[in-house]
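# Architecture and fold: a report
Okay, here's what each chain looks like letter by letter:
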Amino acid sequence: CCCCCWPSTALTAAAAEAAALRENPRLAFGQAFVVVGVAEIFDKTWFVALLYSLYHGPGIAFLGSFLALGTHTILAAGLGVVVSRFFAVWLLHLATAAIFFVFAGFYAYEFYQAQPGEDAIHGRSAEAREAVADEGMPGGGPGGGVAAKQRPWQSRLGQVALA
């Protein structure tokens, strides 16, 4: 096969994959869940979940984080379906690539601006503590406020999702 057939072959493979995902929505949900999960690994949400597990135990932290990630995935997938009806797939792929390049630029900038002795994990943990403190919890620790005492799991879900 020569290089001139590559675009049509790639389009055929993409169409076959799209058809397979339409036939099996669980596969599509699973792929979306994994992509979002991998993308969120070192987000400050991870640190908020870690802080919550220290204060409230792993069970409530896992439940809040899992439900927040599930809600985020469902909202992102729903928005993706709506947006894909208004724009061509090639334009969405181009926009996605552009966004990833912008983020790569931000991360490269952070890399070059970082000091040799700086602890990135400590800095992200401090950001997560500030986010937790901004939710109205005294002393920077979870557990304060009337809403947290009335509905602990719902309050934690909202706080982890906002972080």
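Not measured: the values here are computed from a predicted model. (Residues numbered from 1 in each chain as written. Predicted model: local features only at pLDDT ≥ 70, side-chain atom pairs only at ≥ 80, totals over all residues. Heavy atoms only, no water.)

We now examine the overall build of the protein chain. If you tally the helices and strands in the protein chain, you get eight helices and zero strands. Put simply, of all contacts in the protein chain between residues at least 6 apart along the chain, 65% involve residues at least 24 apart. Counting every atom, the protein chain has about 11,900 Å² of accessible surface; 70% of that belongs to carbon and sulfur. (Helix = DSSP H or I, 4+ residues; strand = E, 2+ residues; numbered from the N terminus. Contact = heavy atoms within 4.5 Å. Areas by Shrake-Rupley, 256 points an atom, 1.4 Å probe, with all protein chains shown as cover.)

In the contact formed by helix α3 (residues 44–56) and helix α4 (residues 58–84), the axes pass within 7 Å of each other and the chain directions differ by 150 degrees. When you trace α3 past α4, the crossing you get is right-handed. Residues A49, Y52, S53 and H56 of α3 lie in contact with α4, whose contacting residues are P58, I60, A61 and S65. Of the residues assigned to the contact of α3 with α4, the class counts are five nonpolar, three polar and no charged. (Axes fitted to C-alpha atoms, helices over the stretch in contact; angles between N-to-C directions. Left-handed = near helix turned anticlockwise from the far one by under 90°. Nonpolar A, V, L, I, M, F, W, Y, C, P; charged D, E, K, R; others polar.)

This part covers the confidence of the model for the protein chain. Looking at the protein chain, pLDDT values average 74 and 71% of them are 70 or higher. The element-level mean pLDDT for the protein chain is lowest in helix α7 (residues 146–150), coming to 45, with helix α5 (residues 89–113) highest at 89. (pLDDT = per-residue confidence, 0-100.)

It is worth spelling out the nonpolar core at this point. Counting residues in hydrophobic clusters, the biggest one holds six residues: F47, V48, L51, Y52, A61 and A128. With four residues, the single largest contributor to this core is α3. Apart from residues lying up to four places away in sequence, A61 is in contact with A49, Y52 and S53. (Core = buried A, V, L, I, M, F, W, Y, C linked by side-chain atoms within 4.5 Å. Buried < 20%, exposed > 50% of the residue type's maximum accessible area, 1.4 Å probe, protein only.)

We now examine the packing of helix α2 (residues 25–39) against α4. With their axes 10 Å apart at the nearest point, α2 and α4 run at an angle of 115 degrees to one another. The handedness of the crossing between α2 and α4 comes out as right-handed. Taking contact as the criterion, the partners of F29, A32, F33, V36 and G37 in α2 are, on α4, F66, L69, G70, H72, T73 and I74. Its residues assigned to classes, the contact of α2 with α4 comprises seven nonpolar, four polar and no charged.

This model, assessed by the stated rule, comprises four aromatic pairs. Note on F33 and F66: the rings are 6.0 Å apart at their centroids and 55 degrees apart in plane angle, and the pair reads as tilted. Placement of the pair is F33 in helix α2 and F66 in helix α4, with a sequence separation of 33 residues. Judged by its relative accessible area of 44%, F66 falls in the partly exposed class. Taken together, a centroid distance of 5.1 Å and an interplanar angle of 75 degrees make the contact between F111 and Y112 edge-to-face. Judged by relative accessible area, F111 falls into the exposed class, the value being 60%. With relative accessibility at 66%, the residue Y112 sits in the exposed group. An aromatic cluster is built from F29, F33, F62 and F66, whose rings are joined through pairwise contacts. (Phe/Tyr/Trp six-rings, centres within 6.5 Å; stacked < 30°, edge-to-face > 60°.)

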